[in-house]
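# What the coordinates show
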Amino acid sequence: MDAGLLEQMLIGALLALSVYLPLRCGQLSLATPGFFAIGGTVAALLSTRIPIFAGTGATSPLPALLLEMTLAGLLAGLLALAIGGTVLRLRGIYLAIATIALVEILRVITLNLSFTGGALGIFGIPQPFTTTAGYAGFTLVLLALVCWLCARLEQLRLGRAMAAIRDDELAAACVGIDTAQVKLQAFVLSALLAGLTGALAAHFLNSWNAKVGSFDASITTLAFVVFGGSRTWLGPVIGGLVLSALPELLRPVGDLRLIVFGLVILLGPVLFPQGLITPQGLQGLGHRLLGYGQQLRGYGHKLLVRVNGPRRP
Amino acid sequence: MSAAPLLEAVPLLQVEGLSCRFGGLLALNNVSLAVRQGEIFGLIGPNGAGKTTLFNVISALTPPSSGRVLWRGALIPASRPDQLSRLGLARTFQNLRLFDSLSVRDNVLVGLHRFAASPLAAGLLGSAGERRRQRQLEQRALELLALVALEDEADLPAASLPYGERRRLELARALATEPQLLLLDEPAAGMNPAEKNDLCGLIRTIRDRFDLTVMIIEHHVPLMMRLCDRLAVLNFGERIALGSPAAVRQDPRVIEAYLGSAR
Ligand SMILES: Nc1ncnc2c1ncn2[C@@H]1O[C@H](COP(=O)(O)OP(=O)(O)OP(=O)(O)O)[C@@H](O)[C@H]1O
Ligand SMILES: [Mg+2]
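What counts, and where the lines are drawn
- Residues take numbers from 1 onward in each chain, read along the sequence in its written order.
- Note on labels: chains are lettered from A, ligands numbered from 1, in written order.
- Under the rules for a predicted model, residues below a pLDDT of 70 receive no local features and side-chain atom pairs below 80 are neither given nor counted, while totals for whole chains, interfaces and linings still include all residues.
- Note: side-chain values were computed over all heavy atoms of the structure, leaving out hydrogens and water.
- Only nitrogen, oxygen and sulfur atoms qualify as donors, provided they sit within 2.8 Å of the metal or within 3.2 Å for Na, K and Ca; with water excluded from the atoms, sites may seem incomplete.
- The numbering of helices and of strands both runs from the N terminus, where a helix is a DSSP run of H or I of at least 4 residues and a strand a run of E of at least 2.
- Relative accessibility thresholds used throughout: buried, under 20% of the residue-type maximum; exposed, over 50%; partly exposed, between the two (1.4 Å probe, protein chains only).
- Take a side-chain nitrogen of Lys or Arg and a carboxyl oxygen of Asp or Glu: if they are within 4 Å of each other, that pair is a salt bridge.
- Boundaries between domains were set according to an automatic or database domain assignment.
- As a per-residue measure, pLDDT tells how confident the predictor is, with possible values from 0 to 100.
- To define a nonpolar core, start from buried Ala, Val, Leu, Ile, Met, Phe, Trp, Tyr and Cys residues and group those joined through side-chain atoms within 4.5 Å.
- In this description, contact between two residues means that some pair of their heavy atoms is separated by no more than 4.5 Å.

## Observations concerning the coordination of the magnesium ion (ligand 2)
All names here are of chain B. At 1.9 to 2.1 Å from the magnesium ion (ligand 2) lie its protein donor atoms, namely Thr52 (OG1) and Gln94 (OE1). Residue Thr52 is located in helix 1 (residues 51-58), and its partner Gln94 is located in the loop between strand 6 (89-91) and helix 3 (104-111); the two are separated by 42 residues in the primary sequence. A residue is classified by how much of its surface remains accessible, and Thr52, at 24% relative accessible area, is partly exposed. What makes Gln94 partly exposed here is its relative accessible area of 29%.

Printed below as a string of structure tokens:
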């Protein structure tokens, strides 16, 4: 597979997880592309303006990338912390609208600031990896790590509290969960993940501009999660991987691909209302595999009997 | 010369002059009552009398129009349901509010939220101490499930349980928060007489074992007469009677408003 496409898919999966975190506690936040854009801008500025981040020659140092990702994540997380208390008081569709507005505000600000390069953006962002495969390898490790953390989170107090709030916010409050705080934590974690992913993406794309954080991106990243499912971390990962690849894979059919892409996004929720991946589905799959295993053992046993003859008591 | 009068113990919960208005409807009309430490306090009354509304006001889900609620003789220093839970108040709901997508065990683990606190990083990395704590919590959850005879259902989704078991799960979840006062809103609804009897026994057991005070709403009057230490009767938002089951049973206003119509 083309490493560039793989990298896009991996970044899609990371962004899908960023949308998933608030959605796990029932909060429909579409702010992910905004935090993604902030993260990328931070990385683009640092690595083009500040010599130690830029490195020498064609490649920038890897520790610089890690530091940029940390700073980008922290800045996005801090912004989420600052606005979350207010924004998260809104519910359902009102939260969605407010977070879309946030993404737009950030886009317009980036567009009009001189040091972010205006409409053209920032060019010539130095490369920490010499090959696309290098990016894909690094991002694969990052995605594996984030998946592991999300899987752990689901087993922990915070992850359980998030699911409880999604199921019944009032009942969750009545068993002592500070629902506002849990929602804020999920929002901040989501921003942090989007921010650090943005820093990585800025290097990969080589240039960065305001278009990255747009309304389109909000809808696309939401589609990842709607398509894959928001009940467990694996859903958004699969959704992000598949839907990020789809436009590229459909390139041979020309402009028709946009229609096919639209149809997939439309039909996904109709055919799989819970998303492609659900805990029950995974459990069913596990049972089925176990069943196949037992069947195989049965065949093996029959074969042995045929070879050795029936065992005498 | 008489002995110095014994100080009357401060009630666990006092409701003073509570009114609650929904538009033109006065759901609670100047209701006062006090619940003593350790008693099983019953709340009866016809449909729409305001019983659930009283629970909602006590648990900070509905703001009262006037009046106040005292906890151990002092104004409650909390205004949110989660703060009240930490203070020692737990409740169940008339229309069952479980976390349906979670397993039976996880429903109780959510109830143990307050006791599961640990730094997020330690939890994510799964340190040895953290794993031990996690096992203790799961152990505790299983004990609570055993108490309501649901330990074999621990891994099932809560949504898959039959009605009576869902009621018992909600009770286990409420107990997990280690309350001092437990509000039960029609916990026996939909149960057959044998199950109702078992539930009575269970409520007494948990009261004794966890040192609880219980406030219970239930329509089945004979059951309430047997179970409760004291009863209050609401009718059209007004408290029309308060006292021992024997006293309430003979109160003419109660007979007219409630028992009369039931006979
Ligand atoms: N949130 C609300 N908004 C408007 N009216 C309400 C609200 N909650 C309760 N009411 C009304 O207040 C009155 C008392 O309701 P409540 O649920 O407290 O009765 P109840 O005694 O619990 O009855 P039941 O035995 O049927 O459960 C009813 O007439 C009900 O319709
Ligand atoms: Mg009621």
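There is more to say after this.
## Some remarks on the pattern of salt bridges
The final tally for this structure, using the stated rule, is 19 salt bridges over all chains. Here Arg166 of chain A and Asp167 of chain A are joined by a salt bridge, their closest N and O atoms 3.7 Å apart. Glu170 of chain B serves as the salt-bridge partner of Arg173 of chain B, at 3.7 Å between the closest nitrogen and oxygen. Highlighted residues: Arg173 of chain B and Glu170 of chain B, both in helix 6 (residues 163-176), separated by 3 residues, approximately one helical turn. Comparing Arg173 of chain B with Glu170 of chain B, the two get one shared label, buried. One salt-bridge network, held together by shared partners, links Asp178 of chain A together with Arg80, Asp82 and Arg86 of chain B.

## Focus on the domain arrangement of chain A
Assigned domains of chain A: these are domain 1 (3-271) and domain 2 (278-313). Taken over C-alpha atoms, the centre of domain 1 of chain A sits 43 Å from the centre of domain 2 of chain A.

## Overview of the confidence of the model for chain B
Residues of chain B with pLDDT of at least 70 account for 95%, and the chain-wide mean is 90. Overall fold confidence for the complex sits at a pTM of 0.89, while the interface term, ipTM, reaches 0.90.

## Here we look at the nonpolar core
Counting 76 residues, the largest nonpolar core has Leu17, Phe35 and Ile177 of chain A as the members making the most contacts within it. Looking at this core, the elements that each hand over two or more residues are helix 1 (3-24), helix 2 (32-49), helix 4 (62-87), helix 5 (92-112), helix 6 (132-155), helix 7 (157-167), helix 8 (169-174) and helix 9 (179-205) of chain A. Top contributing element to this core by residue count: helix 9 of chain A, with 14 residues. Here Phe35 of chain A is in contact with Ala76, Leu79, Ala80, Leu102, Phe187, Ala191, Ala194 and Gly195 of chain A, once residues within four sequence places are set aside. With 49 residues, the next largest nonpolar core counts Val108, Ala158, Leu199 and Ile216 of chain B among its residues.

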